[in-house]
Amino acid sequence: MIAKIPDASVPAARPQRARGEGRLVTKASAAGTRLDVFYQEGCAKIRLPRTFDGTMEAVLINTAGGLTGGDRIDWQLDAAAGTRLTATTQACERIYKATGSAAATVETRIVAGAGARVDWLPQETILFDSSALARRLEVELAEDATFLAVEAVLLGRKAMGERVEAGVFRDRWRIRRAGRLVHAEEARLDGDIAALTGERAVLASARAFATVLFCGAGAEAHLAPLRRLLDGPDGGVSHWQDKLVARVIAEDGFALRKKLLPVISHLRDGAGVPKVWSL
């Protein structure tokens, strides 16, 4: 048998990439928040569990089962004036090892109209070793809208013996109120992540971290209660001009959730996290 020599002129097959786009727009009615526009394409799906309190809950799903280099998902959530929307994810988003230089991309755009409230509560993002993720959150708030965001990241799963040695994680937030920039931040872990996160000024070897952002009237009143809830060296809260920011670190995802759950409940006036968090 004579082996066939590959033809160098034939280009190598490109890996299949996951693509997804989902959009949801609410509207106000006598019965509370209702659906106005619904769009989903590719691996991005949205499900709307039944609620009985006049609010809407949207569960965002990535049917690709995770993301790797070159994958992309775009979400857009518009809460019309006077409506209340809580958005979460069906499960933790997994970011797998990337091949080549391309990163997985996740972009979320949120609009909250006059008197509206949006709670952005996705479950944790899990970064695997040698993964690459570029994430972006863009939010436009009306003058009197309220916004709560919680983003948590796990550097592997401790219970599975996973450890993130290297990779790329970029996170960009831009929050505007009536067109004015009120919050901007950039996070980047690149290269030797194990060494970088081992620095005391970064994560002090913690494997789980989260940012909590609350924008709305009366934010300052939450400062003292949250400081009591996060008492200790692994959490901190600050306030500035109707904006409250909390940073939390923990040894693993379970410990991080134990710290976040009472914080989220407090900022949601006693309401817990979405039910899918406990499935």
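The rules behind the values
Residues numbered from 1 in each chain as written. Predicted model: local features only at pLDDT ≥ 70, side-chain atom pairs only at ≥ 80, totals over all residues. Heavy atoms only, no water. 1 Å grid on protein atoms, 1.4 Å probe; cavity = no way out; pocket = protein on both sides within 12 Å on 5 of 7 lines; lining within 4 Å. Points joined across faces, edges and corners; volume = space filled by probe spheres on them. Helix = DSSP H or I, 4+ residues; strand = E, 2+ residues; numbered from the N terminus. Nonpolar A, V, L, I, M, F, W, Y, C, P; charged D, E, K, R; others polar. Buried < 20%, exposed > 50% of the residue type's maximum accessible area, 1.4 Å probe, protein only. Pairing = 2+ DSSP bridges. Axes fitted to C-alpha atoms, helices over the stretch in contact; angles between N-to-C directions.

Asks: For empty space enclosed by the protein, give the residues involved together with the corresponding values.
Replies: The final tally for this structure, using the stated rule, is one cavity of 30 Å³ or more. The computed volume of the largest cavity comes to approximately 30 Å³. Every residue along the wall of the largest cavity is listed here: Pro122, Gln123, Glu124, Val150, Glu151, Ala152, Leu260 and Trp277. Among the elements that line the lining of the largest cavity, the one with the most residues is strand β12 (residues 146–155), at three residues. Split into classes, the residues belonging to the lining of the largest cavity amount to five nonpolar, one polar and two charged.

Asks: Requested: an account of the environment of Gly161, with residues and values cited.
Replies: Tracing the sequence through the fold places Gly161 in the loop between β12 and β13 (167–177). Using a relative accessible area of 62% as the deciding quantity, one classes Gly161 as exposed. Spatially, the C-alpha atom of Gly161 lies 14 Å from that of Phe254, the residues being 93 residues apart in sequence.

Asks: If you had to explain the sheet that holds β13 to someone new, which residues and values would you point to?
Replies: Reading across from one edge, β2-β1-β5-β8-β11-β13-β14 is the order of the seven strands in this open sheet, with mixed pairing throughout. Of all the strands in the sheet, the pair left with one neighbour each is β2 (32–42) and β14 (180–191). Direction aside, neighbouring strands of the sheet carry axes that sit 5° apart on average. As paired elements, strand β1 (residues 19–29) and strand β5 (residues 72–79) share seven bridges and run parallel to each other.

Purely spatial values, then, with no claim about function.
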